[in-house]
Amino acid sequence: MNLLRPGQDGYAEEAAGFQTAVPSSPAVVVAAESAEDVAAAVRYAAEHGLRVAVQATGHGLTAGTDGLLISTRRMTGVDVDAAARTARVEAGARWEAVIEAAGKHGLAPLSGSSPDVGVVGYTLSGGFGLMARRYGRAADHVRALDVVTADGELRRVEPGSDLFWALRGGRDGFGVVTAIEFDLMPVGELYGGSLTFDSADVPAVLRAWRTWSAAAPDTLTTSLAMVQYPDLPMVPAPVRGRHIAQVRIAYLGEDGDDLVAPLRATASSLLDTLRPMPFTESGSIAAEPRQPHGYHGTNATVSQLNDAMLDAIGEHAGPGAAAPPVLIIDRLGGALARTPETPGVGWDRSAEYVVRALSVVGDDGVATVRRKHTKLFDALAPWTTGRLLPFVYGEHAPEEVAESVFPAADLRRLRELKRRYDPGTASGPGDAHPGRGNGAEIVAIYSAGRSDR
Ligand SMILES: Cc1cc2nc3c(=O)[nH]c(=O)nc-3n(C[C@H](O)[C@H](O)[C@H](O)COP(=O)(O)OP(=O)(O)OC[C@H]3O[C@@H](n4cnc5c(N)ncnc54)[C@H](O)[C@@H]3O)c2cc1C
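Predicted model only: the values in this text are computed from it and were never measured. (Residues numbered from 1 in each chain as written. Predicted model: local features only at pLDDT ≥ 70, side-chain atom pairs only at ≥ 80, totals over all residues. Heavy atoms only, no water.)

1. Points about the overall build of the chain
Helix and strand counts for the chain stand at 12 helices and 19 strands. Here the chain has a C-alpha radius of gyration of 22 Å; the compact-globule value for 453 residues is 22 Å, and the two agree. Taking the principal axes of its C-alpha atoms as reference, the chain extends roughly 65 × 55 × 45 Å. Here the chain holds 453 residues, and 56% of them are scored as buried. Of the contacts made within the chain by residues no fewer than 6 positions apart, 72% connect residues no fewer than 24 positions apart. Total accessible area computed for the chain in this model is approximately 17700 Å², and 51% of it derives from carbon and sulfur atoms. (Helix = DSSP H or I, 4+ residues; strand = E, 2+ residues; numbered from the N terminus. Rg over C-alpha atoms; globule rule 2.2 N^0.38 Å. Buried < 20%, exposed > 50% of the residue type's maximum accessible area, 1.4 Å probe, protein only. Contact = heavy atoms within 4.5 Å. Areas by Shrake-Rupley, 256 points an atom, 1.4 Å probe, with all protein chains shown as cover.)

Right, here's the structure in full:
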């Protein structure tokens, strides 16, 4: 087991992640290479009274850790069973590796907008992907998980067990997943890309996209992003200094050009990248940043997208807004609205859209960003139905997050299971249980009395 402490060579690199706005200074980092390493790390944490956190990429960090951090980035194995249309991947694998391996067999995973994101953290969060309206959440297609629980045992978790339910959507707190098995889809190609429109057309494009996406077939998954690009030389000329609206499209059909004709007719676009493409190029649709940075993000699922809401979105995040966030609206529905055969922790399946805001955290800190986001989401409150865990970034109030992302009945069940599988967690804050011997405490956003982390 490779243990790293502050000041040792490799500690800083191993503890660092994509999210730089969440302070994290673990007492110990374990650079795990195998499931056995993970089990040994969890037992070590139990013996030394250290809370356990886990990180693959740091794309989804919501709260820092001062305990023991298990870094899974070396556990990158990916095995595709083309005949069974399944993949088994280790805890540190990113989507990019799975997309590549599956693509060789004309198959695709239920990956999201960024191929850099970790498979396990994404899937345990629910996983809203490029084909979500056709196939549902990534969590809905998990076959099995290998997980080291707080007692240091490596268990195989399959449908029918309560841990299987909890891990698929409840994400953290029940153990450290060492490998995951899931379905691949028979998709080699898609029609995808984006249409980018200039500031003056943003209000018309918002309304046109709303009408168009409301009637979308399940084979279309689409979002609309509004981004204020800085007037800097490294920004591509067509969007430099402009506040644009970008319609992103992933469509599983032959008639993509016909489908998007109404959007192309709305206004002339600054950029049009729509084309048939191999799924292996699907990361180009949103072309998200690959450099680590500090950001804060939140979201709201909504029951509709009416004019008052579009006006509020325009006021707080459209052209002319002061310091606007990146704003993304995703069309939900389709397979996302149907309950899967093996239900995991829920999100609101009746919601029609999710509205997300994301801001870079500047010198004035996260509180400024949070205040700005709050104004936008307060305006959407009358139509808000919930919040999606994967799109909560850098939030430091875990209890509040838990209450907004999990339906009340699911949250109760998560807490009960947490007490059963990780009994040390039930005691009060500040009690570190040195050497208590009944298992480690695995950090979870829903542990009662843990609002300090
Ligand atoms: C650029 C970008 C694009 C994104 N696009 C999408 C998208 O299209 N759809 C979507 O649904 N989400 C998306 N996300 C959100 C992403 O799915 C979540 O943030 C996810 O939690 C990231 O997982 P990770 O392993 O990469 O990150 P990490 O920060 O390494 O992990 C995040 C959390 O997952 C848990 N976790 C990670 N590994 C394990 C493990 N082995 N065992 C137990 N728990 C574990 C831990 O709680 C950890 O804190 C995006 C995020 C970013 C930054």
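2. Focus: the environment of Gly152
Following the sequence through the fold, Gly152 ends up in the loop between β7 (142–148) and β8 (154–157). A relative accessible area of 4% means that Gly152 is categorised as buried. With 134 residues separating them along the chain, Gly152 and Ala286 place their C-alpha atoms 40 Å apart. Those residues in contact with Gly152, other than ones at most four positions away along the chain, are Ala39, Val42 and Arg43.

3. Observations regarding the pattern of salt bridges
Applying the stated criterion across every chain yields a total of 30 salt bridges. Between Arg51 and Glu441 there is a salt bridge, with its nearest N and O atoms 3.1 Å apart. Here Glu441 lies in strand β19 (residues 441–442) and Arg51 lies in strand β3 (residues 51–55), a separation of 390 residues in the sequence. Between Arg264 and Asp272 there is a salt bridge; the shortest N-O distance is 2.7 Å. (Salt bridge = Lys/Arg side-chain N within 4 Å of Asp/Glu carboxyl O.)

4. What about helix α10 (residues 366–380)?
Helix length check: α10 (15 residues) gives 21 Å between terminal C-alpha atoms against 21 Å at 1.5 Å per residue, within 8%. The inward-facing, buried residues of α10 contact β15 (295–302), α9 (307–317), β16 (326–331), β17 (353–360) and β18 (384–386). (Expected span 1.5 Å × (residues − 1).)

5. Description of the sheet that holds strand β2 (residues 28–31)
One open sheet holds the five strands; their spatial order is β1-β2-β4-β3-β19, and the pairing between them is mixed. In the strand order of this sheet, the two ends are held by β1 (3–4) and β19, each with one partner. Sheet topology note: the β3/β19 ladder contains two bridges and is parallel. Within β19, the position partnered with Val52 by the bridge is Ile442. Across the face of the sheet, helix α2 (residues 35–48) comes into contact with β1, β2, β3 and β4 (68–71) while running at roughly 175° to β4. (Pairing = 2+ DSSP bridges. Axes fitted to C-alpha atoms, helices over the stretch in contact; angles between N-to-C directions.)

6. Structural notes on the domain arrangement of the chain
Split by domain assignment, the chain resolves into domain 1 (78–183) and domain 2 (189–400). A straight line from the C-alpha centre of domain 1 to that of domain 2 covers 24 Å. The interface is formed by 30 residues belonging to domain 1 together with 33 residues belonging to domain 2. Interface of domain 1 and domain 2: buried area, both sides summed, is about 2900 Å²; carbon and sulfur atoms make up 61% of it. When the area that domain 1 buries against domain 2 is broken down by residue, the three leading residues are Phe128, Leu130 and Arg133, summing to 34%. The tally of links between domain 1 and domain 2 comes to three salt bridges. Arg290 is the partner of Glu96 in a salt bridge, and the nearest nitrogen-oxygen pair spans 3.5 Å. (Domains from an automatic or database assignment. Buried area = accessible area lost by both parts, 1.4 Å probe.)

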